[in-house]
Amino acid sequence: MTPQARRDDLIRAALDLFGSRAPELVTVDDIVARAEVSRPLFYRYFPSLRELQEQALRTVTDGLIDGLAGLEEGPPEVRLRAAVRGLVDVADHYRAGYIALLRSGSVIATSDTDAAIDEVRNRAVALILDALGVENPSPLLSLTLRCWTAVVEGALLSWLQERSVAREDLDGWLVDQLTAMLRTTAAHDRSGTFT
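Predicted model, so just to flag it, every value in this text is computed and none were measured.

J.: Could you clarify how one ought to interpret the overall build of the protein chain in this entry?
T.: Helix and strand content of the protein chain: nine helices and zero strands. Counting across all 195 residues of the protein chain, residues that qualify as buried make up 45%. Taking all contacts inside the protein chain whose residues are at least 6 apart in sequence as the whole, residues at least 24 apart take part in 70%. Accessible surface for the protein chain amounts to roughly 10,000 Å². Of this, 51% is attributable to carbon and sulfur atoms.

Here is the structure:
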């Protein structure tokens, strides 16, 4: 196995374990057992458990960004539904990692993981602006889009923990929320962004 493949294998083992428990509860022994490697081999690739946790969470954010990158063609609503569906799929795939990434006060949160989350949020806002054909958003439109990304994050956290809404209804509902928010913003925005 190449060094990069071994690193990826250790990260995959950690993410698999994050599927059943919070990242801060996963130990080096758990990871090496799942990856079927020795502790010395683990430390050859990661100097600390913390670094592996951060790399694993970065894998989640990279997956979210990649999910936003490959969009369908078509009208804005179709493109946005596809983007939200991609976000839901990635968040569901990395359930515990996603929850740990966004959970307030997580013991593995760092400035790097915070920056990675901001990168996902910024990509989501840029994607929506592109779908809307808006190059210079007004402050009110920017605020609306940032608020909606918070709605998506909160909804995904609740959905991943409770599963009280059918998966096939989630992305449509979230896009409908954005549509309603944009309608309200258009009624209050005097900048002419929506005209």
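J.: Honestly, helix 2 (residues 28–35) in this entry has me stumped. Any pointers?
T.: Quick reminder: α-helices carry 3.6 residues per turn. Residues three or four places apart thus point the same way. Residues of helix 2 that are buried include every one of Val28, Ile31, Val32 and Ala35, and no others. The buried residues of helix 2 all sit within an arc of 95° when viewed along its axis, so they share a single face. Among the residues trailing helix 2, Glu36 stands out with phi positive, at a value near 55°.

J.: Sorry if this is basic, but what is going on with the environment of Arg50 here?
T.: Tracing the backbone shows Arg50 in helix 4 (residues 49–69). With 26 residues separating them along the chain, Arg50 and Glu24 place their C-alpha atoms 9.0 Å apart.

J.: How should the environment of Leu15 be read in this particular structure?
T.: Here Leu15 lies in helix 1 (residues 3–18). For Leu15, a relative accessible area of 12% corresponds to the buried category. For the pair Leu15 and Arg95, spaced 80 residues apart in sequence, the C-alpha to C-alpha distance is 9.0 Å. Once residues lying within four places of it in the same chain are set aside, the contact partners of Leu15 are Ala56, Thr59, Val60 and Tyr94.

J.: Can you walk me through the packing of helix 8 (residues 139–162) against helix 9 (residues 167–188) in this structure?
T.: A packed helix pair is summarised by two numbers, namely the angle formed by the two axes and the spacing between the axes. Contact pair helix 8 / helix 9: the axes reach a minimum separation of 10 Å and the direction vectors enclose 155°. Here helix 9 runs roughly antiparallel to helix 8, going by the angle between their axes. As helix 8 runs across helix 9, the sense of the crossing is right-handed. On helix 9, the residues touching Leu140, Leu141, Thr144, Leu145, Cys147, Trp148, Val151, Val152, Ala155, Leu156 and Trp159 of helix 8 are Arg167, Leu170, Trp173, Leu174, Gln177, Leu178, Met181, Leu182, Thr185 and His188. Split into classes, the residues belonging to the contact of helix 8 with helix 9 amount to 16 nonpolar, four polar and one charged.

J.: Help me understand the packing of aromatic side chains in this model?
T.: Throughout the structure, instances matching the rule amount to two aromatic pairs. Ring geometry for Phe42 versus Tyr43: centroids 5.0 Å apart, planes at 85°, classification edge-to-face. The exposure class assigned to Phe42 is buried, which follows from its relative accessible area of 0%. Note on Phe42 and Phe46: the rings are 6.0 Å apart at their centroids and 35° apart in plane angle, and the pair reads as tilted. Here the aromatic residues Phe42, Tyr43 and Phe46 are joined through ring pairs into a cluster of three or more. Here Arg163 stacks its cationic end above the ring of Trp159, 4.2 Å away from the centre of that ring.

Calculation rules
- Residues numbered from 1 in each chain as written.
- Predicted model: local features only at pLDDT ≥ 70, side-chain atom pairs only at ≥ 80, totals over all residues.
- Heavy atoms only, no water.
- Helix = DSSP H or I, 4+ residues; strand = E, 2+ residues; numbered from the N terminus.
- Buried < 20%, exposed > 50% of the residue type's maximum accessible area, 1.4 Å probe, protein only.
- Contact = heavy atoms within 4.5 Å.
- Areas by Shrake-Rupley, 256 points an atom, 1.4 Å probe, with all protein chains shown as cover.
- Arc of directions from axis to C-beta.
- Axes fitted to C-alpha atoms, helices over the stretch in contact; angles between N-to-C directions.
- Parallel < 35°, antiparallel > 145°, perpendicular 65-115°, else oblique.
- Left-handed = near helix turned anticlockwise from the far one by under 90°.
- Nonpolar A, V, L, I, M, F, W, Y, C, P; charged D, E, K, R; others polar.
- Phe/Tyr/Trp six-rings, centres within 6.5 Å; stacked < 30°, edge-to-face > 60°.
- Lys NZ or Arg CZ within 6 Å of the ring centre and 35° of its normal.

In short, the description is geometric, and any link to function would need to be established separately.
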